[in-house]
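Listed here are the chains, written in short residue letters.
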Amino acid sequence: MVHAVQVVPPTRRRRALGAHLGLASALGFLAPALLIFGVFVLYPMVTAFSYSLFSWSGTARGGFAGLANFVSLFTQEPYATEVPRAFGHNLLIFVGTVIGQNTIGLALAHALHHTTRGRRLFQTLYAMPYLVSPVVIGYLWTLLLSPTFGPVNKVLEAIGLGQLAVPWLGNPDTALWVVVLVAVWQWIGFPVLLYGAALGGVPPELTEAASLDGAGGWRRFRHITLPLITPAITTVTVLGFIAAMESFALPYAIGGSSGTPAGATDVLSLVFYRTAFESGDSNGIGLSSALATCLFVFIFGVAVLATRLMRKREESLT
Amino acid sequence: MTSLTTTPGVATTPTGKTIRPRGPRVGRGVVTVLMSLYAVVAIGPLLLMVAGSLRTSADLFANPVGFEWPPTVSSYVFAWQQANFSRYFLNSIMVTVGSVVISTAVSVAAAYAIARSQSRLVQIIESVFLSGLMLPIHLAILPVFYLLDSLHLVDNLFGLTMVYAAAGIPFSIFVLTAFFRQLPYELEEASMIDGAGAFRRFWSVMVPLVRPAIATVAIFRFVPVWNDFLYPLVLIRSADRYPLPVGLTSFFGQYQTNWSALFAGLVIATIPLVLLFLLATKQIIAGLTAGMGK
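Rules used in this analysis
Residues numbered from 1 in each chain as written. Chains lettered and ligands numbered in written order. Predicted model: local features only at pLDDT ≥ 70, side-chain atom pairs only at ≥ 80, totals over all residues. Axes fitted to C-alpha atoms, helices over the stretch in contact; angles between N-to-C directions. Helix = DSSP H or I, 4+ residues; strand = E, 2+ residues; numbered from the N terminus. Parallel < 35°, antiparallel > 145°, perpendicular 65-115°, else oblique. Contact = placed C-beta atoms within 7 Å. Nonpolar A, V, L, I, M, F, W, Y, C, P; charged D, E, K, R; others polar. Expected span 1.5 Å × (residues − 1). Bend = angle between axes of the 7 residues up to and from the residue. Buried ≥ 20, exposed ≤ 12 C-beta atoms within 10 Å, placed from the backbone.

**Student:** Could you clarify how one ought to interpret the packing of helix α12 (residues 244–254) of chain B against helix α13 (residues 259–279) of chain B in this entry?
**Tutor:** Two quantities define a packed helix pair, namely the angle between the helix axes and the distance between the axes. Residue and element names in this part refer to chain B. Contact geometry for α12 and α13: axes closest at 10 Å, N-to-C directions at 175°. Regarding the angle of α12 to α13, the classification is roughly antiparallel. Residue-level contacts link L244, P245, L248, F251 and F252 of α12 to L262, G265 and A269 of α13. For the contact of α12 with α13, the residue count by class is seven nonpolar, one polar and no charged.

**Student:** What exactly am I supposed to notice about the interface of chain A and chain B here?
**Tutor:** Listed as interface residues are 88 residues of chain A and, on the opposing side, 91 residues of chain B. A total of 18 residues in the side of chain A that touches chain B trace back to one element, the largest contributor, which is helix α1 (residues 23–51) of chain A.

**Student:** Teacher, can you tell me more about helix α7 (residues 157–182) of chain B here?
**Tutor:** Along an α-helix, a turn takes 3.6 residues, which lines up residues three or four apart on a common side. All names here are of chain B. The first and last C-alpha atoms of α7 sit 37 Å apart over 26 residues, in line with the 38 Å expected at 1.5 Å per residue. By the largest-angle criterion, I169 marks the main kink of α7, which is about 40°, and a proline, P170, follows within four residues. Within α7, 23 of the 26 residues are buried, which leaves it mostly tucked inside the rest of the structure.

**Student:** Can you walk me through unusual backbone geometry in this structure?
**Tutor:** As a rule of thumb, non-glycine residues mostly have phi less than zero, and peptide bonds are mostly trans rather than cis. E77 of chain A connects to P78 of chain A through a cis peptide bond whose omega is 5°. Relative to the assigned elements, P78 of chain A resides in the loop between α2 (68–75) and α3 (79–113). Following T260 of chain A, the chain continues to P261 of chain A via a peptide bond in cis, the omega torsion being -5°. Here P261 of chain A is to be found in the loop between α11 (249–255) and α12 (268–278). Of note, N84 of chain B is a non-glycine position whose phi angle comes to about 75°, a positive value. Inspection of the secondary structure assignment puts N84 of chain B in the loop between α3 (74–82) and α4 (85–116). Residue N84 of chain B is classed as partly exposed on the basis of its 19 C-beta neighbours within 10 Å. In the Ramachandran plot, D155 of chain B falls in the positive-phi region, its phi being about 60° despite a non-glycine side chain. In this structure, D155 of chain B sits in the loop between α6 (141–150) and α7. Look at D155 of chain B and you get partly exposed, because 15 C-beta atoms sit within 10 Å.

Below, the structure is given as structure tokens:
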């Protein structure tokens, strides 16, 4: 599943002298990491699945429920309404960020690559939003977009666009788009850094040769640079997918745990959080675990599948 | 790209078209303008945050866009002293530094064993660790909660630290193993002849050589742990133990109208990351690209 692009491990050398580390010492070195990873990641991950197969009353596990929790998730209110709606919002965040990253992000990275003066400064400025905590970003935008004292609406009024100075986060029709756009804005820094590294790996001789053959800037980019940085594009897309499907902190900071206004900023992780920790449903643990399992299978499945498909395409491109 | 040009800046194609490696002047000018415009888009909101934290709330309400001279740091004093931010900050530092130290330490040892052992079992263990690279671990929050509950580690910063330490292991092992594998066996052979045992070779010969990778891993893991929100939201109950992201939520609930203080709180939560990025851009980018190609 993992193909390092930057750090390429050389093929392991089998020497006559043999490995320097016997199995016993190797296990000794591995033990602390195995213990911590096993207890705090593997064990909970596995039990998370099992939780979804039981019915629960409060924190007490009841009988084996088979797939009943999964069925309830799609038939029982409010989940039958909230889950598909939230899923749509997650998808929208994903589509928005992928478009933003592969247009604006890619263009910025490309421009940066051909800049010498101020390159480091621009890179830092572009990357900054990506590094800041999504909680901070979410709260910051609620302040900036506040209808009464927010600078955004004040500026819009000042430049004669007063009709655009609406309560962005109070209206269900605009609130979701705010979340999507803020996510796009925040995540553009990621491809700027990553594509920057990938572009640095494109041999300049290739583009030079193409320009000698009379290829213009766009054609050089399209037929030489782009195929060579496809692995990076795959990475950005897959990681963007995982992040969009898991997104929690940003919508929480903007719309709270219930996705106000009127569920417009709701996402799957918020539904999960409410079901597990805030709902009065006595089977909250069973239902939320079923949701987590679905989400897990979807995220992991799509990520693995997409990586495979893109690898194949990359091979045909290069 | 510049190496081609014998006459500075000019080369001619068979069709007679002139190539400037950096593109025509006008084109460059447009690109620079667009780049600067986006720089304003990217950094503008963050500058408003900093500016807002240095003004009084009354001034912010009277004039949302602007700057007051002289700036005032009273909001920082308020957030830090009255609104518990010194506590949140300390909690965040303890959890982040603690988890990064633990996960890096155990991962260095594990990565060494993975790189230097040829046992089939060790290879299987490696694939288990690497499968963790793509796990959406936040989805295991419920079992993590009950696990910590049974260990009496709910509402406990050490419990939170261990969860983050475990979450950082796959990435750290992935990067460190690649580095160990690049080091030739001969380095260890010399000390082996001198009679050094496995631990001596690891500690005195190998660890000093992978220092750059250790720096990358430690610095890169700092960012997601510092920013994480869901785990402390669920696992920490007392306000005294909140790390910054959760502290911010209670702060925003409590001081809704004190905008200047709200901005100051946001800045306090952000400053360490900005400093880290400015001081260690190289390591952070190396960390990002190490995960490339998953």
